[in-house]
Amino acid sequence: MAKYKPPIGDRGFIIPAIDVIDGKCVRLTEGDYSTGKVYYSNPLEAAKRFEDAGFKRLHMVDLDGAKSGNIKNLATLETVAGKTKMVIDFSGGIKTSEDIVNVFGAGAALISIGSVAVKNPGLLQQWIAKFGVEKFLVGADVLDENIKISGWLKDGGITINDFIRSMLAIGIKTIFCTDISKDGKMAGPSIDLYKDLLTQFTDLNLIASGGVNTLDDIIELRRIGCKGVIVGKAIYEGTITLEDLIKHNY
């Protein structure tokens, strides 16, 4: 498998997550917006907590933007990026080159692309040519082996396997995969799904997302060959502590 070098320095396996609705740090269950629970009224507090613990990466999702198709929480990104030194990947509502320029201008180091990669891979290729492939992560949000888009509200019309195959074909090798049925439920990640994808696509740098509940989950994801894991609710609910992650050098 190709060696993956995360652009973050030490403690690179864990990528803490901040999902934003109405400028607040929230978490959903199975992508259902009606289940949103606010953990921080100010997402900067969460980001500072992660940074103070030594983490250098942050996965930020504009859930309002993902749902509406237009970026809604750019000011939150600008605040967090301006008051921390974290390497932020940002997603949600990005549809145009102007959006990308604005997101980079607000302080994101990377852009995570989901719906556009599914609906218009040609546009993604244009962005890669303009901004560089290293500036993009692709998200694969899957439910029953099918890709979902637009904040998980619509069917993408393609299977996870075909989608990953299409991304590898245009030079994208790092993909984070979220099993929507697991997300926010803290019932364990989709180990079998990830094993299957890693077996099929040996060049894939796979970042797991969804369902993580314990430190053992993280250890198992690393063991099977994942290159990282996005963790949110388990940290906010305290089933995984930052102290444990620091102790085990994650």
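Residues numbered from 1 in each chain as written. Predicted model: local features only at pLDDT ≥ 70, side-chain atom pairs only at ≥ 80, totals over all residues. Heavy atoms only, no water.

**Some thoughts on helix α3 (residues 74-83)**
Working step 1: Along α3, the residues that are buried comprise T76, L77, V80 and A81. The buried residues of α3 occupy one face: seen down the axis, they fall within an arc of 125°. Of the residues in α3, the exposed ones pointing more than 90 degrees away from the buried face are A75, G82 and K83. (Buried < 20%, exposed > 50% of the residue type's maximum accessible area, 1.4 Å probe, protein only. Helix = DSSP H or I, 4+ residues; strand = E, 2+ residues; numbered from the N terminus. Arc of directions from axis to C-beta.)

**Remarks on empty space enclosed by the protein**
Over the atoms rolls a probe the size of a water molecule, and its path tells where empty space is left.
Working step 1: Scanning the entire structure with this criterion turns up one cavity of 30 Å³ or more.
Working step 2: Around the largest cavity, the lining is made up of 46 residues, and of these V61, S91, D141, W152 and F176 lie nearest the centre.
Working step 3: Residues belonging to the lining of the largest cavity are distributed by class as follows: 20 nonpolar, 18 polar and eight charged. (1 Å grid on protein atoms, 1.4 Å probe; cavity = no way out; pocket = protein on both sides within 12 Å on 5 of 7 lines; lining within 4 Å. Points joined across faces, edges and corners; volume = space filled by probe spheres on them. Nonpolar A, V, L, I, M, F, W, Y, C, P; charged D, E, K, R; others polar.)

**A closer look at the packing of helix α8 (residues 191-200) against helix α9 (residues 215-224)**
Any two packed helices are characterised by the angle at which their axes cross and by the distance between the axes.
Working step 1: Two elements in contact, α8 and α9, have axes separated by 10 Å at closest approach and are oriented at 15°. Viewed along their axes, α8 and α9 adopt a mutual orientation that is roughly parallel. Where α8 crosses over α9, the handedness of that crossing is right-handed. Counted together, I191, Y194, K195 and L198 of α8 and E220, L221, R223 and I224 of α9 form the full contact between these two elements. (Axes fitted to C-alpha atoms, helices over the stretch in contact; angles between N-to-C directions. Parallel < 35°, antiparallel > 145°, perpendicular 65-115°, else oblique. Left-handed = near helix turned anticlockwise from the far one by under 90°. Contact = heavy atoms within 4.5 Å.)

**Thoughts on a negative patch on the surface**
Working step 1: On the surface, D144, E145, D192 and D196 cluster together into a patch of negative charge.
Working step 2: Within the element layout of this structure, D144 appears in the loop between β7 (136-143) and β8 (146-149).
Working step 3: A residue is classified by how much of its surface remains accessible, and D144, at 65% relative accessible area, is exposed. (Patch = residues over 30% accessible without salt bridge, like charges linked within 9 Å, V, L, I, M, F, W, Y side chains within 5 Å. Areas by Shrake-Rupley, 256 points an atom, 1.4 Å probe, with all protein chains shown as cover. Salt bridge = Lys/Arg side-chain N within 4 Å of Asp/Glu carboxyl O. Lys, Arg positive; Asp, Glu negative; His and termini not counted. Charge placed at Lys NZ, Arg CZ, Asp CG, Glu CD.)

**Overview of the packing of aromatic side chains**
Working step 1: Inspection of the entire model under this criterion finds six aromatic pairs.
Working step 2: With centroids separated by 6.0 Å and ring planes inclined at 65°, the aromatic side chains of Y40 and Y236 adopt a geometry described as edge-to-face. Of this pair, Y40 sits in strand β3 (residues 32-40) while Y236 sits in helix α10 (residues 233-237), and the two are 196 residues apart along the sequence. With respect to class, Y40 is no different from Y236; both count as buried.
Working step 3: Each ring, one from F50 and one from Y236, has its centre 6.1 Å from the other, and the planes form 55°; the classification is tilted. Here the residue F50 occupies a position in helix α1 (residues 43-52), and Y236 occupies one in helix α10, the gap between them amounting to 186 residues.
Working step 4: Given the relative accessible area of 1%, F50 is considered buried. (Phe/Tyr/Trp six-rings, centres within 6.5 Å; stacked < 30°, edge-to-face > 60°.)

Purely geometric numbers; function is a separate question.
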